[in-house]
Amino acid sequence: MRTTRYDWHIVVLTMNALEFLRECLQSVQAARSSFEGTVAVTCVQDGPPDNKLAAELRACRTTTSFELITSDTRRGISASRNSAIVRLHSEFVLCLDGDDKISSDYLTSSMVPFSAGADVVFTWRQKIKSTGEVISEGPVRPRCIRLEQLSDGNHIHAASPFRRNLWERVRGYDETMEYWEDYEFWIRCLKSAASVEP
């Protein structure tokens, strides 16, 4: 692990997201540029080399600087995220999929609840089809999330930023989980008395 300490570490998984990856990384760069602090970006390519993906990542590097982690075998979402997070020391972590986009003030606005003591920031989101149609908007839950509210499903979306020391406390994402890795991660965070605030 490097000794440099960053304010933010953004981890982007590139799998199954070739069509949207450039927009994702452009939004990450815009958020990094508007944030008055240090932001590291790591992309993770999980699985065998893909020539089209490699070409897209090279193109993305013309506007966004990032470290690239590659793996010849598919390890899964949890292992990919953990392998990236452990490499850098940061105060806050944001995990994105390659088809996610964030607003330019995403990092800055998340600092308000973090500064008030939140461990996880439950951010507003839109789900958008490839056609641009907005499917749903959120959050639609109370002002803070408690463990019992997750009994009927996961109401904390994957792109909710969290403190790195919380990730350490719960020992990261469970790499035995093939599905629902985010849901299981948030449950363990709440069981550890984490504060989830909007």
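Residues numbered from 1 in each chain as written. Predicted model: local features only at pLDDT ≥ 70, side-chain atom pairs only at ≥ 80, totals over all residues. Heavy atoms only, no water.

Moving on: the confidence of the model for the chain. On average, residues of the chain score 85 in pLDDT, and 88% of them are at 70 or above. Per-residue pLDDT stays below 50 along residues 134–142; that stretch engages in 23 contacts with residues further than four places along the chain or on separate chains. (pLDDT = per-residue confidence, 0-100. Contact = heavy atoms within 4.5 Å.)

As a further point, take the pattern of salt bridges. Under the defined criterion, the tally for this structure stands at 11 salt bridges. Across the salt bridge formed by Glu-91 and Arg-5, the nearest N and O atoms sit 2.4 Å from each other. Residue Glu-91 is located in strand S4 (residues 89–97), and its partner Arg-5 is located in strand S1 (residues 5–13); the two are separated by 86 residues in the primary sequence. Judged by its relative accessible area of 26%, Glu-91 falls in the partly exposed class. Arg-5 gets classed as partly exposed once you look at its relative accessible area, which sits at 46%. The partner of Arg-81 in a salt bridge is Asp-97, and the shortest N-O contact between them spans 3.7 Å. Taken together, the residues span a long stretch of sequence, with Arg-81 in helix H3 (residues 77–85) and Asp-97 in strand S4 at a distance of 16 residues. When its relative accessible area of 1% is taken as the criterion, Arg-81 is described as buried. Look at the salt bridges and you will find they share partners, linking Arg-5, Glu-91, Asp-119 and Arg-163 into a network. (Salt bridge = Lys/Arg side-chain N within 4 Å of Asp/Glu carboxyl O. Helix = DSSP H or I, 4+ residues; strand = E, 2+ residues; numbered from the N terminus. Buried < 20%, exposed > 50% of the residue type's maximum accessible area, 1.4 Å probe, protein only.)

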